[in-house]
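# Observations on the model geometry
Residues per chain, in single letters:
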Amino acid sequence: MGRRQAASVKPAEAEEARRTALRAEQAYVTRVYERLDEERGSAEAALREGPAAGGGNVFQARVESAVATEEAARRLARLAGVEHGLCFGRIDHRADADGPGDTFYIGRIGLRDADREPMLIDWRAAAARPFYTATPGAPGTLARRRHLHLRHREVARLDDEVFDLEGLDEAERRGIVGEAALLATLRRGRTGRMSDVVATIQEEQDQVIRSGLQGVLVVQGGPGTGKTVAALHRAAYLLYTHRDVLERRGVLVVGPNATFLRYIEQVLPGLGETDVALATVGELYPGLKATARDTPEVAVLKGDIRMADVVAAAVRERQRTPADGLRVDADGLTLVVDAEACEQIRDRARGLRLPHNVQRRRFVHDMLEALATNRAEQYERIMDEPLEQLAGSGEMPKWLQELIDEAEDEPLLDETDLRLAKEALWQEPAVRKALDELWPELTPQQLLADLYASTDVLARLGEQAGLPGCDLLHRPPGSAWTVSDVPLLDEAAEHLGEDDSAERARRRAADAARAEEARYAAEVMESTGGTNMIPISDLISAGELAERHSDGGPPLTTAQRAMSDRQWAYGHVIVDEAQELSEMAWRAVMRRVPTRSLTVVGDIAQTGSAAGAASWGQMLDRYVPGRWREQRLMVNYRTPAAIMRVASDVLAAVAPDQTPPEPVRDDGPPPRAVALPVAGLPALVRDELAGIGDGAEGRLAVITSAARHAAVLEVLPDAAVGATPEALDSPTVVLTAEEAKGLEFDSVVVVDPAGVLAESPKGGQDLYVALTRPTRRLTIVHDGDLPPLLSGSLAGG
Ligand SMILES: Nc1ncnc2c1ncn2[C@@H]1O[C@H](COP(=O)(O)OP(=O)(O)OP(=O)(O)O)[C@@H](O)[C@H]1O
């Protein structure tokens, strides 16, 4: 870290200097917190006061104050999130000929004093950048970087890195204090939640964080290189730098499972950002929270890009024409539309290039017209029969013949007749049934459930799309939706258009809410003196006022609005553990960010899903051919070197073309392998928990093969299980390797490594993932032979 100490300072002097420095920093930090309290106070007051007392235009004021209140609420949320470690750094620029160098304090947010002078620089501001980028080799204009470690509002410790001893005055030189801030942070026990690293961001991470908003940035890095944490800081940085666009359009973070999202959910609020949408792929389709997983074979099929063609074909299958024409019994007649006309009507509807449910309106309209015309023709024939007999008998009166001759040139049905006839026919159950069968209104769920229900259709459409084996997707109707179904539902929704009936219901509910608001707004008008006191030009109608006030609850945040709207276009999307996404999942993600402004975070060496990525190009070139940029993170901040040696042996065997990251830590006990039946786990887990502290801080995960999962749960009944909310809060949790992805624990016990290897769909990546979860201790438990690829770097036990 390139820290140079002032070696000549005597210990007593150094101690006194340290105390003086601490006192000075404490005084500054106290002032900063006082300022934070003042800002909170004024935001709270703005919220409490609500609508500003009316001047001449009470309605305009009400609307404006609603906006101000929303802003105050947002500001309050931002201020509430930054209490912990508000100020964490200080940079001293070198003195030069013009005088002493500037000193800046760096914090989670920017604060100015009552005179608008900066007290705290937001870590994302350009002025804070040297705090992250200065190195001994390239210090820029910095003389010193100081880390302030706070405990609540107290300054507990200082760490200095001095780049230019000459650039500091004598008192400052004596006051140089500290131990490398990064390593101190890394050695802390895990709390079950990811925390921000805003005080110790490393330079290669800083480049990721501050990379431009436009285009696709791939952050490729081995386990523990801080990809996730850097991506989250990037979200906060982008929101700060491009707030105008991103606050409106929103930022979405896609993570591998709900536990992972919970694990990271505190990072952004701690960085002052509370309005970011977090979702798994299983939650991308509003209204659904799919968590069930398919077998690897099925997941591979559902994730294949050719499924897009299968879904498109499944929709076309539902736009039928009867081979012998349509015949419907209605009104005592059998109405007929011949096969050729049916096909023409279908093709006309298809030609609209609109979604199926919208095309359906055209199809129904044209079919009703054809049926109505046919009915009129039949009626005419019926009417004509007695007339023809009359004419044949030669007894046709002249006046009647003239009328018949006149009518010859008139259309069978005029516009009004046609409309009425169509309306009448649409009320006929038999007509509706027939048209629904030919071109049904469909929800994505119906389409997919019907497709999965038919082995024949699956096989046929799969073959047509060049994707054999689709009959494997067969399953009974009513089965739970899986994560791999969600991109297919999304695909189907694109073809079908929004569900018309659901949309109508939503509109009705919104209308009702608006009516209620309008009533309320009218009451406000009345109680505040009526409309005649307000200049007409400034008047906002009750309806308009209601419109702006949502439906009575707290206003929806951008993230909430975005998450409930399938067609929302985000300003930026971050995909974590992105190597796991299938081709179809990428389609669903890309749909949500038409500007293609994305951060893609992952590690090809950790791809566990059989449908996941073998390379970034495989997934991204389709959307941004050759236009994505890659940044690599090479340093592992999580896993100590001895444990990484074991993991690296596995990586060399399962993915020899991948390079493991370089560990920065070299502490902790050596990893060990223990020959032990599952029944011996409770004692081992007890010892391990004792080894990582008092249990209040330390977290332990037992990562097991699926084969041993049930047996492990039986002997560890108190442990939390799987990707559940408790998983992060319990001292011990039992997980599969897939569930452990992205998480970390002080101690990890890997049970049945041979099983984990054998079950890994890609051939071993899951074992690599499991071995790279610990921050301090690793124990491998086996009851058969240890797989040879593990024995090289392990101590027996
Ligand atoms: N600059 C840093 N300062 C302090 N801690 C850091 C820093 N960078 C990373 N870490 C810590 O290292 C650990 C690993 O980070 P993170 O989970 O982001 O890595 P990752 O690359 O996403 O790993 P994986 O691929 O295994 O999911 C976390 O505890 C994180 O807080």
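You'll find the protein entered in an unreviewed UniProt entry as Superfamily I DNA and RNA helicase-like protein, with Actinomadura verrucosospora given as the organism.

### What about the overall build of the protein?
A tally of helices and strands in the protein yields 32 helices and 23 strands. The proportion of buried residues among the 797 residues of the protein is 39%.

### As for the sheet that holds strand 12 (residues 572-575)
Strand order in the open sheet formed by 6 strands is 9-8-12-13-7-14, with parallel pairing between adjacent strands. The outermost strands of the open sheet, each flanked by one partner alone, are strand 9 (277-280) and strand 14 (628-633). Within the sheet, the average angular offset between the axes of one strand and its neighbour, ignoring direction, is 20°.

### Here's the deal with the nonpolar core
Counting 158 residues, the largest nonpolar core has Ala235, Val575, Val702, Val750 and Leu771 as its most contacted members. At 9 residues, the largest contribution of residues to this core is made by helix 7 (residues 227-241). Dropping the residues within four chain positions of it, Val702 is found in contact with Leu681, Val685, Val712, Leu716, Ala719, Thr732, Val734, Val749 and Val751. Counting 19 residues, the second largest nonpolar core, distinct from the first, contains Ala349, Leu371, Ala434 and Leu435.

### Regarding the UniProt feature "binding site: ATP" (unreviewed entry) in the protein
The sites that UniProt annotates as "binding site: ATP" (unreviewed entry) are Gly221, Gly222, Pro223, Gly224, Thr225, Gly226, Lys227 and Thr228. In this fold, Gly226 is placed in the loop between strand 7 (216-221) and helix 7. In contact with Gly226, not counting residues within four places along its chain, are Val197, Gln205, Leu633 and Tyr637. Look at Thr228 and you get buried, because 26 C-beta atoms sit within 10 Å. For Thr228, the contacting residues outside a window of four places in its chain are Ile264, Asp576, Val601 and Gly742.

### Some thoughts on the sheet that holds strand 6 (residues 154-162)
Taken in spatial order, the 6 strands make up an open sheet running 3-4-2-1-5-6, and their pairing is mixed. Edge positions in the sheet fall to strand 3 (111-112) and strand 6, since each has one partner strand and no second. Bridge count for strand 1 (residues 87-93) against strand 5 (residues 142-151) is 5 bridges, and the pairing is antiparallel. Paired with Asp92 across the bridge in strand 5 is Arg144.

### Some thoughts on the pairing of strand 11 (residues 333-337)
Relative to strand 11, strand 10 (residues 326-330) runs antiparallel, the two sharing 5 bridges. Residue pairing in the sheet places Arg327 in a bridge with Val336 of strand 11. Between strand 10 and strand 11, which follow one another and run antiparallel, lie 2 residues, and Asp331 among them has a positive phi close to 60°.

### Description of the domain arrangement of the protein
By the assigned domains, the protein splits into domain 1 (11-190), domain 2 (205-279 + 557-634), domain 3 (300-484) and domain 4 (641-795). A C-alpha centroid distance of 60 Å is found between domain 3 and domain 4.

### Some thoughts on the site of the ligand
Near the ligand there are 22 residues, and of these Val197, Pro223, Gly226, Lys227 and Thr228 occur at the shortest range. Going through the elements one at a time, helix 5 (181-186) and helix 7 are the ones with two or more residues in the shell around the ligand. A per-class count over the shell around the ligand returns 7 nonpolar, 11 polar and 4 charged.

### Section: the environment of Leu681
By the secondary structure assignment, Leu681 is in helix 27 (residues 681-691). Residues Leu681 and Thr228 lie 453 residues apart in sequence; the distance between their C-alpha atoms is 31 Å. If sequence neighbours within four positions are ignored, Leu681 has contacts with Val702, Val712, Val715, Leu716 and Val781.

### Concerning helix 11 (residues 296-303)
Listing the buried residues of helix 11 in full gives Val298, Ala299, Leu301, Lys302 and Gly303. In this structure, the buried side of helix 11 is in contact with helix 12 (307-317), helix 20 (485-496) and helix 24 (583-591).

### Observations regarding the packing of helix 20 against helix 24
Packing of helix 20 against helix 24 leaves a shortest axis separation of 8 Å and a crossing angle of 55°. It follows from the interaxial angle that helix 20 and helix 24 lie oblique. In terms of crossing hand, the pair formed by helix 20 and helix 24 is left-handed. The residues of helix 24 that touch helix 20, namely those facing Val486, Pro487, Leu488, Asp490 and Glu491, are Met584, Ala585, Arg587, Ala588 and Arg591. Within the contact of helix 20 with helix 24, the residues separate by chemical class into 6 nonpolar, no polar and 4 charged.

### Here's the deal with helix 27
Taken residue by residue, helix 27 has Leu681, Val685 and Glu688 as its buried positions. Seen along its axis, helix 27 keeps its buried residues to an arc of 65°; they face one direction. Among the exposed residues of helix 27, those pointing more than 90 degrees away from its buried face are Ala683, Arg686, Asp687 and Ala690. Packing partners of the buried residues in helix 27 comprise strand 18 (700-704), helix 28 (706-715), strand 20 (732-735), strand 21 (745-751) and strand 22 (774-782). A positive phi of about 120° marks Gly693, the residue just after helix 27.

### Details of the pairing of strand 2 (residues 103-107)
As judged from the 5 bridges shared by strand 1 and strand 2, these two strands associate in the antiparallel manner. Note on strand 2: the bridge partner recorded for Ile91 is Phe104. With 2 bridges joining them, strand 2 and strand 4 (residues 118-122) adopt parallel strand pairing. Considered in strand 4, the bridge of Ile106 is made with Ile121.

### Regarding the confidence of the model for the protein
Taken as a whole, the protein shows an average pLDDT of 82; of its residues, 83% reach a score of 70 or greater. Here residues 1-9 is modelled with pLDDT under 50, and outside its nearest four sequence neighbours on either side it reaches 17 contacts, counting other chains as well. Long-range and interchain partners of residues 517-553, a stretch whose pLDDT sits below 50, account for 39 contacts in this model, where long-range means more than four residues apart. Model confidence for the complex is summarised by a pTM of 0.77, with the ipTM given as 0.98.

Reading guide: rules and limits
- The residue numbering used here restarts from 1 in each chain and proceeds along that chain's sequence as written.
- The model is predicted, so local features are restricted to residues of pLDDT at least 70 and side-chain atom pairs to those at 80 or more, both for listing and for counting; the totals for chains, interfaces and linings are taken over all residues.
- The secondary structure listing takes helices from DSSP runs of H or I that are at least 4 residues long and strands from runs of E that are at least 2 residues long, numbered from the N terminus.
- Each residue is classed by its C-beta neighbour count within 10 Å, where at least 20 other C-beta atoms makes it buried, 12 or fewer makes it exposed, and intermediate counts make it partly exposed; the C-beta atoms are placed from backbone geometry.
- Strands pair, by our definition, only if DSSP identifies at least two bridges between them.
- Orientation is described by lines fitted to C-alpha atoms, with helices fitted over the stretch in contact, and by angles between N-to-C directions that extend from 0 to 180 degrees.
- Connectivity within a nonpolar core runs through C-beta atoms within 7 Å, and the core itself is a set of buried Ala, Val, Leu, Ile, Met, Phe, Trp, Tyr and Cys residues.
- C-beta atoms are first placed from the backbone for all residues, and any pair lying within 7 Å is then listed as a contact.
- UniProt positions are given in the numbering used here, feature names are shortened, and annotations may be inferred rather than shown by experiment.
- Each domain's extent is set by a domain assignment, obtained either automatically or from a database.
- A molecule or strand has a residue near it when that residue's C-beta atom, placed from backbone coordinates, lies within 6 Å of it.
- Under the convention adopted here, Pro, Cys and the residues Ala, Val, Leu, Ile, Met, Phe, Trp and Tyr are nonpolar, Asp, Glu, Lys and Arg are charged, and Gly plus all remaining residues are polar.
- In what follows, roughly perpendicular refers to angles from 65 to 115 degrees, roughly parallel to angles under 35, roughly antiparallel to angles over 145, and oblique to any angle outside these ranges.
- Crossing handedness follows the turn of the near helix against the far one: under a right angle anticlockwise gives a left-handed crossing, and clockwise gives a right-handed one.
- This arc describes the spread of directions from the helix axis toward the C-beta atoms.
- Confidence scores per residue from the predictor, reported as pLDDT, run from 0 to 100.

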